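# Observations on the three-dimensional arrangement
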Amino acid sequence: MCGIFGIVHQRRAADPAEVDRLTDAASHRGPDGRGRFLHENVGLGHRRLAILDLSERGAQPMHHPHQPVCIVHNGEIYNHIELRRELEDLGHSFRSQSDTEVILAAWLQWGRECLSRFNGMWAFVIFDRSRHEVFCARDRFGIKPLYWVETGESTAFASEIRQLRPLLAEVRPVADRVEDFLATGLSDHTPDTFLHGIRQLPGGHWLSIDTQTARSTVERWYRLAPAHHAAVLGPAEAAEQLAALLADSVSLRLRSDVPVGTCLSGGLDSSSVATLASPLYRAASGERFRAITAISSEEENSEEGYARQLVDSAGLQWITVRPGFAEFQEALDDVIAGQEEPFAGPSIFMQYFVMRAARQNGITVLLDGQGGDETLLGYERYYGAWLLDTLREGGLAALGRGLRDIGRANANMPPLRMAAYVLGSLFAPLRAGSVRWRYPFLRGQGLPEAQRRFGRATRDVSAMQVQELTCTNLPMLLRYEDKNSMQHGIEARLPLLDYRMVEFALGLRSTVKMHQGWTKWPLRQAMDGQMPASITWRRNKIGFEAPAATWLRELLPEIRRSVLSSRFLEPYVDLPRLRRSFEQVDHRMLW
């Protein structure tokens, strides 16, 4: 895990001072060392967060001893041990125990095809002088970030936007992105960032730059597809196979030369990860596995009781943080600066406090349960499409049982709320009208195209999932996670986003993933008996929720001054109209 920077100039040599300065703009991502490599018009920089092979042999930029290739890498290849053995059998030798050296050897052996062999998260840049190519690649789901910019004089790429901003002739917003965010809270749904000229390389894509012509090419190397063998599985077989996949995924993500812990909310996903990781970590290290929980000050959205049960059952060492309004206010500027782009609400502050606590307690790697809701139908918005599938498979009688089962399995779904969810998911055009009705002061056009595509997919569970995983939901959550963790020099690893698990879950029938009204049924069944039933079969879902309403009420005078005097907002918001209805505007929009 690290911070990387690189630049390819068209007509001049790379400047060492510029490479150092823009590399160090992300120094928080790599507190353990810095490296730089220059060759003619190419410059590469690296800030190191040492996780595997803590010696100087693991430092970057890393060069191959016999071939004119070097690499800067942010991320982890979890199956590097298995790949190392395969490459050694093919004649490669290694000087370090670093996964980065394995990437270099894999590049020399298989070229671009090496990407499909990696199980991990990564954004790396390989400079291959023999091919006159700078090759950049991002992992399948975009867990690790890579931004890039073309200025007309150079092409540059980096882990964070702040590293590329100084290369822009002017800094101005992308109006469409601002409008999308104001209407729906949506971000990270297109390759464009909020800053004109700076783009993200999408997950599952590579970028190639010819160092002689400066011509750049972007191509997709991974397309999310279901594991077809999963489609014939019943509920019991699905749970059994998912259990084996998750156990292996957790085991791989415990590979580390520094302490590993976990985020623990008390929900199903993080509790499952902690339960599986705890005995493995204790056996390997002789130490209790540490879990960190951010506890809300409000009883109605506190999961402290559930987390405590899991701590007791899994034998964890528990670290807790209890942020109040004072801590929120103190961290406000830091989180906003760290995220670099707008985010949809204060709940991500709880994650920020967890990451800060990890650094304070000497934990460098944290496992997290991100991805379970998108892969196994954990969101209530899936109910409408699931009921349609239930109707298709079993007729009206099955539909009736499905409605009854939802009420039994989900405490948050009384009949009126269930009806609202079903209507909203099956009749997506209602959403556009809802935005216009709720926020008449917005000047934009309502729902962004990504949200419209999701709306068109709401009668097809698989299509909804693909949209969520690649566009409308997961990319935002991954950005929040990466920025919050790396701001404190913490590596966050996500076992539920092992690509084998995602493809397997996507291939399961919706009536298996959501069975008898239970969301994420295969995971619940896989963990049944391994942790308290009160967690495995929880009927309510909270998550790392901040006491957002309370915090925003406290912040309201400052919000009012900032919003109503904003010159930036004038192209997007009818401010006089907003002023007249300010007291009736919901907290999400005020944020």
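Presented here is a report on the structure given in the accompanying data block. (Residues numbered from 1 in each chain as written. Predicted model: local features only at pLDDT ≥ 70, side-chain atom pairs only at ≥ 80, totals over all residues. Heavy atoms only, no water.)

## Some points on the sheet that holds strand 5 (residues 69-77)
Strands in a sheet are paired, the pairing made by backbone hydrogen bonds, and the direction either parallel or antiparallel. Strand order in the open sheet formed by six strands is 4-5-6-7-11-12, with antiparallel pairing between adjacent strands. Of all the strands in the sheet, the pair left with one neighbour each is strand 4 (62-63) and strand 12 (216-220). (Pairing = 2+ DSSP bridges. Helix = DSSP H or I, 4+ residues; strand = E, 2+ residues; numbered from the N terminus.)

## Concerning the packing of aromatic side chains
Given two aromatic rings, their pairing is described by the distance between the two centres and the angle made by the two planes. One pass over the full model with this rule turns up 23 aromatic pairs. Taking the centre distance of 4.8 Å and the plane angle of 70° together, the rings of Phe-328 and Phe-349 count as edge-to-face. Here Phe-328, found in helix 8 (residues 325-339), pairs with Phe-349, found in helix 9 (residues 348-360); they are 21 residues apart in sequence, far enough to count as distant. Considered together, Phe-328 and Phe-349 belong to a single accessibility category, that of buried residues. Seen in terms of ring centroids, Tyr-379 and Tyr-382 are 6.5 Å apart; in terms of plane orientation they differ by 25°. Their pairing is stacked. In this structure an aromatic cluster arises from ring pairing among Phe-325, Phe-328, Phe-343, Phe-349, Tyr-480, Trp-551 and Trp-591. Directly above the aromatic system of Phe-94 lies the positively charged group of Arg-84, at a separation of 4.8 Å from the ring centroid. The ring of Tyr-499 has Arg-140 sitting right over it, with the charged end atom 3.7 Å from the ring centre. (Phe/Tyr/Trp six-rings, centres within 6.5 Å; stacked < 30°, edge-to-face > 60°. Buried < 20%, exposed > 50% of the residue type's maximum accessible area, 1.4 Å probe, protein only. Lys NZ or Arg CZ within 6 Å of the ring centre and 35° of its normal.)

## A closer look at the sheet that holds strand 3 (residues 42-48)
Pairing within the open sheet is antiparallel, and its six strands lie in the order 2-3-1-9-8-10. Of all the strands in the sheet, just strand 2 (34-39) and strand 10 (198-200) have a single pairing partner and so form its edges. The sheet shows a mean angle of 15° between the axes of neighbouring strands, direction not considered. The pairing of strand 1 (residues 2-9) with strand 3 spans seven bridges and is classified as antiparallel. Along strand 3, the bridge assignment pairs Cys-2 with Arg-48. (Axes fitted to C-alpha atoms, helices over the stretch in contact; angles between N-to-C directions.)

## Quick notes on unusual backbone geometry
At the junction of Gln-60 and Pro-61, the peptide bond is cis and its omega measures out at 0° in the coordinates. Within the element layout of this structure, Pro-61 appears in the loop between strand 3 and strand 4. Although it is not a glycine, Ala-214 adopts a positive phi angle of roughly 65°. Relative to the elements of secondary structure, Ala-214 occurs in the loop between strand 11 (205-210) and strand 12.

## Overview of the pattern of salt bridges
A full pass over the atoms with the stated rule returns 35 salt bridges. When the shortest N-O distance is used, the salt bridge between Arg-255 and Glu-82 registers 2.8 Å. On the criterion of sequence distance, the pair formed by Arg-255 in the loop between helix 5 (235-252) and strand 13 (260-263) and Glu-82 in helix 2 (residues 80-89) is long-range, its members being 173 residues apart. Given the relative accessible area of 22%, Arg-255 is considered partly exposed. Taken together, the shared-partner salt bridges connect Arg-29, Lys-144, Glu-160, Arg-162, Glu-340, Asp-482 and Lys-483 into one network. (Salt bridge = Lys/Arg side-chain N within 4 Å of Asp/Glu carboxyl O.)

## Some remarks on the layout of surface pockets
The gaps left among the atoms become clear once a water-sized probe is rolled over them. One number sums up the size of the second largest pocket: a volume of about 1300 Å³. If you go around the second largest pocket, you meet 37 residues; those closest to its centre are Phe-181, Ile-336, Pro-342, Phe-568 and Trp-591. Of all elements in the fold, only helix 4 (175-184), helix 8, helix 21 (548-564) and helix 23 (587-590) reach the threshold of two or more residues within the lining of the second largest pocket. Split into classes, the residues belonging to the lining of the second largest pocket amount to 26 nonpolar, three polar and eight charged. (1 Å grid on protein atoms, 1.4 Å probe; cavity = no way out; pocket = protein on both sides within 12 Å on 5 of 7 lines; lining within 4 Å. Points joined across faces, edges and corners; volume = space filled by probe spheres on them. Nonpolar A, V, L, I, M, F, W, Y, C, P; charged D, E, K, R; others polar.)

## Concerning the state of the cysteines
Think of a disulfide as a covalent bridge from one cysteine sulfur atom to another cysteine sulfur atom. Applying the stated rule across the entire model yields zero disulfides. Just so you know, Cys-263 is unpaired, no disulfide at all, and the nearest cysteine sulfur is the one on Cys-2, 19 Å from it. (Disulfide = S-S within 2.5 Å.)

## Description of the packing of helix 14 (residues 449-456) against helix 15 (residues 461-472)
In contact at an axis separation of 9 Å, helix 14 and helix 15 are set at 165° when each is read in the N-to-C sense. Judged by the angle between their axes, helix 14 and helix 15 are roughly antiparallel. In terms of crossing hand, the pair formed by helix 14 and helix 15 is left-handed. Every residue of helix 15 that contacts helix 14 at Ala-450, Gln-451, Arg-453 and Phe-454 is listed here: Met-464, Gln-467, Glu-468, Cys-471 and Thr-472. For the contact of helix 14 with helix 15, the per-class residue count stands at four nonpolar, three polar and two charged. (Parallel < 35°, antiparallel > 145°, perpendicular 65-115°, else oblique. Left-handed = near helix turned anticlockwise from the far one by under 90°. Contact = heavy atoms within 4.5 Å.)

## What about empty space enclosed by the protein?
Counted according to the given criterion, the structure contains five cavities of 30 Å³ or more. In this model, the second largest cavity occupies a volume close to 90 Å³. Around the second largest cavity, the lining comprises 14 residues; the ones closest to its centre are Gly-120, Ile-143, Arg-253, Leu-497 and Asp-498. Within the lining of the second largest cavity, the residues separate by chemical class into seven nonpolar, two polar and five charged.

## Concerning the side chain of Arg-29
Along the chain, the position of Arg-29 falls in the loop between helix 1 (16-24) and strand 2. Side chain to side chain, Arg-29 and Glu-160 meet in a polar contact 2.9 Å long. (Polar contact = N/O pair within 3.5 Å; in protein donor to acceptor, adjacent residues only side chain to side chain.)

## Overview of the nonpolar core
Counting residues in each nonpolar core, the largest one holds 53 residues, and the members touching the most others are Ile-292, Phe-349, Leu-366, Phe-441, Leu-442, Val-573 and Leu-578. Ranked by the residues each element gives to this core, the list is headed by helix 9, at nine residues. If we skip the residues at most four places from it in the chain, Leu-442 touches Leu-182, Ala-183, Arg-436, Tyr-572, Val-573 and Met-589. (Core = buried A, V, L, I, M, F, W, Y, C linked by side-chain atoms within 4.5 Å.)

## Concerning helix 16 (residues 474-486)
Here helix 16 contains 13 residues, and its C-alpha end-to-end distance of 18 Å stays within 8% of the 18 Å for a straight helix at 1.5 Å per residue. For helix 16, a buried count of 12 out of 13 residues is recorded, marking the element as mostly surrounded by other parts of the structure. Where helix 16 is concerned, the buried positions are Leu-474, Pro-475, Met-476, Leu-478, Arg-479, Tyr-480, Glu-481, Asp-482, Lys-483, Asn-484, Ser-485 and Met-486. (Expected span 1.5 Å × (residues − 1).)

## Observations concerning the packing of helix 8 against helix 9
Running from N to C, helix 8 and helix 9 cross one another at 90°; their axes reach a closest spacing of 10 Å. Viewed along their axes, helix 8 and helix 9 adopt a mutual orientation that is roughly perpendicular. Contacts from Glu-327, Phe-328, Ala-331, Leu-332, Asp-334, Val-335 and Gln-339 in helix 8 reach Ile-348, Phe-349, Tyr-352 and Phe-353 in helix 9. Across the contact of helix 8 with helix 9, the residue classes break down as eight nonpolar, one polar and two charged.

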